[in-house]
Amino acid sequence: MKIKEILSVLEEMAPLAYAEDFDNVGLLVGNSETESTGVLVCHDALENVIDEAIAKNCNLVVCFHPILFSGIKKITGKNYVERAILKAIKNDIAIYAVHTALDNHSQGVNKIFCDALGLINSKVLVPKNNFIQKLVTFTVPDNADKVRNALFEAGAGRIGNYDNCSFNTQGFFTFQGNEDSNPVIGEKGKLHTGEEIKIEVVFEKHLQSRILKALFANHIYEEVAYEIYDLKNAHQNIGLGMIGEFENEMDEKDFLQFVKGRMQADGIRHSEFLNKKIKKVAVLGGSGSFAIKNAIQSGADAFLTTDLKYHQFYEAENKLLLADIGHFESERYTKNYIVEYLRKKILNFAIILSEENTNPVKYL
C-alpha cells in the first residue's frame, strides 16, 4: 500500500479544507508515492517519536500537531523541530499532520472531548463562516433527475442531518443558437422556447470542482447554464469547540475533580467559583481563549479550554466557570481516535499508537 492511499483515508476523516487558514496540515515531509511499511500515530512528531517509528518499522508518522508550523529557512538540527525533520528525512519517514482539519470536524477533537466527559446533545460552539456555496442550474424535465442525483452523489445537497436536499422550480427558457452552435433541442438560428427545471443545491466550497464535473458530465445542454454563489450562512456542523450537557448537574468542585480524572489532568486552573450547578458545558481543545464570549453567549455553565493568560480569567465576568485543563490533556484522546479510525478503514496493516508521552508541561 502506498502512502498516498493512507493519506486519502486520513483526508476522509479530516478534510484538509476544514483546516484554519493559519495552519499547516497534510503531508509535511516525505513522498506520497512511497510504499508504506506501517503507520505510527502520535500527538507530536518529535525526535523521540521518529526514533520510535524507526524501531517499529513505520515509515509514516501521523501526528496531531504539525511539527512544521511557521516558516523555516534552514534545517541544520539546531532545535527540536529541525532535529525531528532531519531524522525523518534521513530515514525516509513521511510526516502527516491533521491539526485544525480535525479540530473543525463534527466528529473530531471536540466531539472526542465531549465523549470523554459523557456530554450529550453536543453541537458546534463556533460554526465556520464563508464555507458554503450554492449552485443554481437549469435543465429540461427529462434530464432533471439525472443531474440532481449526480450532484447529490458528488456531495451537494447536504444540510446538517439531511442529505439529497434541493429546491426545484418550473419555468420556461428561451434561446437562439448562432451558426457555430449545436443545440440538443431545437435548431440553430431559430428562437426556441420550452419547459425547464431550476435546480438549487448547497455544498461545501472545497467540493466545487467535483460538483461542476458532475454537472457537466450529466447535463444534456451544449452550453450548461449555471450560477455559483457564496453564502453568508455559518456551517453549523463544522467549526471549533462544542457545547453539550450532562444528564445530571453537579457542584463546581465535583465537576472539576471529575474533569481532572476523565482527562487525566495533573492540575486545573480556574476562575472564581460562582456557587452554581454545572450542567451545560462548552469545550474547546487546545488554545481557546478566543471563544470565551461564544461560551457565555451559548449559556454554558462552564467552559473548558487551555492556554489561558492571567487577564483572560477575568473575561468569565462571573457568568460561567472558566477552566484551563492543560493543552495536551484537552487533546489527549485524539491519537486514539485516529488509530481506531484507520484500523476500521485499513485492514491487516500495521497501525500503531505511539507510546511516547510528548507533553512538554510537567507539574510538581
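What you see is a predicted model; the values in this text were computed from it and never measured. (Residues numbered from 1 in each chain as written. Predicted model: local features only at pLDDT ≥ 70, side-chain atom pairs only at ≥ 80, totals over all residues. Heavy atoms only, no water.)

**Here's the deal with the overall build of the chain**
What the chain contains, in helices and strands, is eleven helices and 15 strands. The principal-axis extent of the C-alpha atoms belonging to the chain is close to 85 × 55 × 40 Å. Within the span of the chain, comprising 364 residues, buried residues form 49% of the whole. Nonlocal contacts in the chain, meaning residues at least 24 apart in sequence, comprise 73% of its contacts between residues at least 6 apart. Accessible area of the chain: about 19000 Å², with a carbon and sulfur share of 47%. Between the centroid of the 40 positive side chains of the chain and the centroid of its 49 negative side chains there is a distance of 4 Å. (Helix = DSSP H or I, 4+ residues; strand = E, 2+ residues; numbered from the N terminus. Buried < 20%, exposed > 50% of the residue type's maximum accessible area, 1.4 Å probe, protein only. Contact = heavy atoms within 4.5 Å. Areas by Shrake-Rupley, 256 points an atom, 1.4 Å probe, with all protein chains shown as cover. Lys, Arg positive; Asp, Glu negative; His and termini not counted. Charge placed at Lys NZ, Arg CZ, Asp CG, Glu CD.)

**With respect to the side chain of Thr139**
Mapped onto the secondary structure, Thr139 falls in strand β6 (residues 132–139). On the basis of relative accessibility, which here comes to 0%, the residue Thr139 falls in the buried class. Polar side-chain contacts of Thr139 include one of 2.8 Å to the side chain of Asn143. Filtering out sequence-adjacent residues up to four positions away, Thr139 remains in contact with Ala144, Val147, Glu196, Ile197, Ile199, His219, Ile220 and Tyr221. (Polar contact = N/O pair within 3.5 Å; in protein donor to acceptor, adjacent residues only side chain to side chain.)

**Digging into unusual backbone geometry**
One non-glycine residue, Asn130, lies in positive phi territory at about 55°. By relative accessible area, which is 56% here, Asn130 ends up exposed. Its identity as a non-glycine residue notwithstanding, Gln264 has a phi of 50°, on the positive side.

**Quick word on the sheet that holds β6**
Judged by pairing direction, the sheet is antiparallel, and its four strands sit side by side in the order β7-β8-β6-β9 without closing on themselves. If you trace the sheet from one side to the other, it starts and ends with β7 (167–175) and β9 (226–230), each paired once. The sheet shows a mean angle of 25° between the axes of neighbouring strands, taken without regard to direction. Sheet analysis places β6 next to strand β8 (residues 192–204), joined by eight bridges and oriented antiparallel. Within β8, the residue paired with Val136 across the bridge is Glu200. The strands touched by helix α6 (residues 141–153) are β6, β7 and β8; relative to β8, the strand with the most contacts, the crossing angle is about 10°. (Pairing = 2+ DSSP bridges. Axes fitted to C-alpha atoms, helices over the stretch in contact; angles between N-to-C directions.)

**Concerning the nonpolar core**
Ranked by internal contacts, the top residues of the largest apolar core, which has 28 residues, are Leu10, Met13, Leu60, Leu102, Ile338 and Leu342. The greatest single-element share of this core, amounting to six residues, is contributed by helix α1 (residues 3–13). (Core = buried A, V, L, I, M, F, W, Y, C linked by side-chain atoms within 4.5 Å.)

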